[in-house]
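Descriptive structure summary
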Amino acid sequence: MDLRYSETDEAFRAELRTWLAGALSELPTPPARDDWPARVRYDTEWQRRLFDAGYAGISWPAEYGGRGASPSEQLVFLEETTRARAPYVGVNFVGTLHCGPTLIAEGTDAQKSAHLPRILRGEEVWCQCFSEPDAGSDLAGLRTRAVRDGDDYVVTGQKIWCSFGHVGDFGELLVRTDPDAAKHRGITWLILPMDLPGIDVRPIETVLGSSEFCEVFLDDVRVPAANRVGDENDGWRVTNVTLSFERGTAFVSEMVDALRLAEELAPDVHDLSDRRELAHVVAQLDALWALTKRNVSQAAHDGAPGPGAFMFKLAYSEARDRLGELCMRVLDRGAFDIHDERVEERLRTLSLPIAAGTSQIQRNIIGERLLGLPKEQPWPRSA
Amino acid sequence: MNFDLSEDQVALRDAIRSLCRGRFTGERVRKGFDQAMFDELATTGVFSLRADGFGWADAAITFEELGRAVVPGPLVWTHLAHGVAEGIVTGLERPRDGAPALLEHLAVADGIAVVDDDGISLVPSDAVAGVTALDWPLDPLTPVHRIDALPTGERIGGRDEAAAWRRGGGLLTAAFEVGMAQACTEAATGYSLARRQFDRPIGSFQAVKHILADMVVRAEVARTAVHAAAVTMDDPGIGDRERALSGARLLAAEAAEKNAKGSLQVHGGIGFTWEADVHLYLKRAWMLSTAFGNVHVHADALAARLVR
Ligand SMILES: Cc1cc2nc3c(=O)[nH]c(=O)nc-3n(C[C@H](O)[C@H](O)[C@H](O)COP(=O)(O)OP(=O)(O)OC[C@H]3O[C@@H](n4cnc5c(N)ncnc54)[C@H](O)[C@@H]3O)c2cc1C
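Residues numbered from 1 in each chain as written. Chains lettered and ligands numbered in written order. Predicted model: local features only at pLDDT ≥ 70, side-chain atom pairs only at ≥ 80, totals over all residues. Heavy atoms only, no water.

**Considerations on the overall build of chain A**
To keep it simple, the criterion reads: The helix count covers DSSP runs of H or I at least four residues long, the strand count covers runs of E at least two residues long, and both are numbered beginning at the N terminus. For the radius of gyration, the atom set is restricted to C-alpha positions; the globular benchmark scales as 2.2 Å times the number of residues to the power 0.38. Throughout this description, buried means an accessible area under 20% of the type-specific maximum (1.4 Å probe, protein chains only), exposed means over 50%, and partly exposed covers the range between. Here, two residues are considered to be in contact whenever any of their heavy atoms come within 4.5 Å of each other. We get accessible surface area from the Shrake-Rupley algorithm with a probe of 1.4 Å; when it comes to residues, only the shown protein chains can shield them. By the counting rule applied here, Lys and Arg register as positive and Asp and Glu as negative, while His and the ends of each chain are not counted. Working definition for charges: the position is that of NZ of Lys, CZ of Arg, CG of Asp or CD of Glu.
Counting its regular elements, chain A contains eleven helices and eight strands. Relative to the globule expectation of 21 Å for 383 residues, the C-alpha radius of gyration of chain A, 21 Å, shows essentially globular dimensions. Within the span of chain A, comprising 383 residues, buried residues form 54% of the whole. Restricting to contacts in chain A with at least 6 residues of sequence separation, those with at least 24 account for 71%. Total accessible area computed for chain A in this model is approximately 16,700 Å², and 51% of it derives from carbon and sulfur atoms. On chain A, the mean spot of the 43 positive side-chain charges and the mean spot of the 61 negative ones are 3 Å from each other.

**Quick word on the interface of chain A and chain B**
Note the following rule: The rule for a salt bridge is simple: a side-chain nitrogen of Lys or Arg has to be within 4 Å of a carboxyl oxygen of Asp or Glu. Whenever two N or O atoms come within 3.5 Å, that pair is a polar contact, provided that in protein one can donate a hydrogen and the other can accept it, and provided that, for residues adjacent in sequence, both atoms are side-chain atoms. Gly falls in the polar group here, along with every residue not listed as nonpolar (Ala, Val, Leu, Ile, Met, Phe, Trp, Tyr, Cys, Pro) or charged (Asp, Glu, Lys, Arg).
The partner chain B presents 49 residues to the 48 residues of chain A that form the contact. If you look at where chain A meets chain B, you find six salt bridges. Remark: the boundary between chain A and chain B carries 20 residue pairs in polar contact (both at pLDDT 80 or more). Mapped by element, the contributors of at least two residues to the side of chain A that touches chain B are α3 (71–83), α7 (252–265), α8 (272–302), α9 (308–331) and α11 (359–370) of chain A. Of the residues forming the side of chain A that touches chain B, the biggest block, 19 residues, is contributed by α8(A). Here the residues of the side of chain A that touches chain B sort into 23 nonpolar, eleven polar and 14 charged.

**Topic: the site of the ligand**
This is how it is decided: Here a residue is near a molecule or strand as soon as one of its heavy atoms is found within 4 Å of it. Each domain's limits were defined by an automated method or a database of domain assignments.
Taken together, 18 residues sit near the ligand, with A:S131, A:S137, A:W161, A:T358 and A:Q360 positioned nearest. Positioned at a junction of chains, the ligand has nearby residues supplied by chains A and B. Separating a nitrogen atom of the ligand from a backbone N or O atom of A:W161 is a distance of 2.9 Å. A:T358 is positioned with one of its side-chain polar atoms (N or O) 2.7 Å from an oxygen atom of the ligand. Against a free-state accessible area of 970 Å², the protein chains account for coverage of 65% of the ligand. Going through the elements one at a time, β3 (152–163) and α11 of chain A are the ones with two or more residues in the shell around the ligand. Here the shell around the ligand is built from residues that sort into eight nonpolar, ten polar and no charged. When residues of the shell around the ligand are assigned to domains, at least three fall in each of domain 2 (127–233) and domain 3 (251–370) of chain A.

**Here's the deal with the packing of helix α6 (residues 159–194) of chain B against helix α8 (residues 241–267) of chain B**
Residues and elements named next belong to chain B. To be explicit about the condition: Between the N-to-C directions of two axes lies an angle of 0 to 180 degrees, each axis being a line fitted to C-alpha atoms and, for a helix, fitted only over the stretch in contact. For classification purposes, an angle smaller than 35 degrees is called roughly parallel, one larger than 145 roughly antiparallel, one from 65 to 115 roughly perpendicular, and anything else oblique. Left-handed describes a crossing whose near helix is turned anticlockwise from the far helix by less than a right angle; the clockwise case is right-handed.
Where α6 contacts α8, the two axes come as close as 8 Å, and the packing angle between them is 25 degrees. For the element pair α6 / α8, the angle class is roughly parallel. The handedness of the crossing between α6 and α8 is left-handed. Here the contact of α6 with α8 is composed, by residue class, of 17 nonpolar, seven polar and five charged.

**A look at helix α5 (residues 109–120) of chain A**
Residue and element names in this part refer to chain A. For the record, the criterion: Take the number of residues in a helix, subtract one, and multiply by 1.5 Å to get its expected span.
An ideal rise of 1.5 Å per residue puts 16 Å on twelve residues; α5 measures up with 16 Å between its terminal C-alpha atoms. Buried residues belonging to α5 abut α2 (36–52), α4 (93–106), β1 (126–129), β4 (170–176), β5 (187–193) and β8 (228–229). Positioned one or two residues after α5, G122 has a phi angle of 75 degrees, which is positive.

**Things to note about the domain arrangement of chain B**
Residues and elements named next belong to chain B. Formally: The term buried area means the drop in 1.4 Å probe accessible area that two parts suffer when joined, counted for both and summed.
Looking at chain B, the domain boundaries give domain 1 (7–79), domain 2 (83–158) and domain 3 (160–305). With centres defined by C-alpha atoms, the gap from domain 2 to domain 3 works out at 26 Å. Counting residues at the interface gives 17 residues for domain 2, matched by twelve residues for domain 3. Summed over both partners, the interface of domain 2 with domain 3 buries about 1,300 Å², with 69% contributed by carbon and sulfur atoms. In this structure, the connection of domain 2 to domain 3 is made through three salt bridges. With its nearest N and O atoms 2.7 Å apart, the salt bridge here joins R284 to D139. Our count for the domain 2 to domain 3 interface comes out at six residue pairs in polar contact (both at pLDDT 80 or more). Elements with a minimum of two residues in the side of domain 2 that touches domain 3: β3 (111–116), β4 (119–124) and β7 (154–157). Among the elements that take part in the side of domain 2 that touches domain 3, β3 stands out by supplying three residues, more than any other. Here the residues of the side of domain 2 that touches domain 3 are counted per class, giving eight nonpolar, four polar and five charged.

What follows is the structure, given as structure tokens:
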């Protein structure tokens, strides 16, 4: 059990620091929250710079343009970029953190070479079209229909809460291909080019006052069958691959950023009970950072990240909520201005216990899969 | 970096766990700490561990297992005193302003270690006068005496040693608390599978399942914090030792207390009885939360590290 980075890791850190110092000094000013064309440009240009310098897809295989580096270098990368306040993944979130890893695990060679390098170069923005108005927590209850017709699937239905839907070039799309099978058995995973005829994307305004996600209406959209990832009706398994990435690592970088936020808040916290609350939050975030290191170590060792990966998101959502509440209390009437980074963060992080599986669903999963507790009795079906 | 238990550490953990399963059963533990228990733990190397070449991380793994079995006794103090004082050692922070001292396990102890900011003193346990035993201590497995006047004793360590004992004591207490928190999760999970109401195991009810899910997460997060603090104590170059330690202590104390309460709730009426083990965990958690700095002390210490 040790926490010391190797000499190779430290050499990587030193080199990355030098590069970041130069690259960040040339960065344009960050765009306004509601200026989406500018946000896409800002985030993808940064992704491109990372790629050109050899820092995109740190742990992705080199054959798809990644760095092929060790998981500990991935941690060093997260540490250094966050500490240096480099741009967040932003619109590259789904591509680099969900879709990329899913394609690496499940995609065909053609799909991998078509998308992985472009994702890393910031040339493709992805969105996730999983949820539907009637299929949220019960995602497997999704109803968007896909009927095979020659070399295409013809897709009709409605998706909702698709982050980056209005700026995405491609979507991860879940459809029902067998309406007669049990609900988990009739689902297929498709790559959806967002510019196909029959797609209508309508942004939804969030509590931040900007459009962070969208409704996506699909009306007889012809998606080539070659875009299918995994087998027909095997999409639920493929989905779980994606969701395991989401739970395991996708939130680590913002967790490290939360530590930065907490440390920067410290000098402004004067009230004794607030200081003690800050100490608790920092203790939790420090522990989650250590838990990440444990997950990564176990994954390197056993091929799977171990029980900690199931726990991360629930614990992180709670710590982050406490930090958000603390910010509001410390800012007092200063919180009346939404432009303060800390107010904006408080609002944004209200979504953490909801997005990517609510905290209740996380507790069900932990109870059932880690503790072996029985599922609740199914509700009797109405005839 | 490999922040997973090494093979040797897994073997150590398993050895202590099976020792506890075999020798420190519920029935034995309920009889309290005695010389025979001390001898068995000493033979296993619980107290001499670090003198034998093991690190704080190994000691933490060991104390986690002892906590799982709520083994009674001044285990942490005796571990700290190893090599400095003979036999069973109990201890406390010197009470401020001549306030009376409350001390655990006086009757079985050979010596009392007294820590203050300037150092550590050792008082032979038969040298104290004005001693009254509490006839009803909070934790039935932890006898407590009130001492009206604590002698000065003999200096056995200075400032640095006092600071080191506080750190080490805090770490091992936190490890013990994590073990207790895990034991509570396991006991409550087991009960929730066995106990049936409304024709089904109570563990299938979400209201119960979610209590248990929170318990397992709380214990695991605290455990990771304790391991990180231990590793940082073994290798102080890797981070802020005080911050890691105080954070671990905050989370571990909270986990022990909240998981004991969660277990009590999941057990229903039986959880409120003397017969069930739940109260032993909760009462010990309350007592330990005052040792080597309570949660306020550690919260203040951690907050102070953030504004340097
Ligand atoms: C900011 C944000 C971004 C998102 N981005 C995307 C995206 O890019 N792509 C995408 O597909 N989706 C996205 N989502 C959708 C997200 O995955 C869903 O909101 C989430 O799964 C919950 O579904 P729901 O909103 O329909 O709520 P519901 O499922 O209706 O849940 C409502 C409440 O009921 C509770 N509940 C439901 N079922 C149970 C149960 N079995 N046991 C206990 N409690 C239960 C929930 O915990 C919740 O509190 C995003 C959501 C947010 C907030």
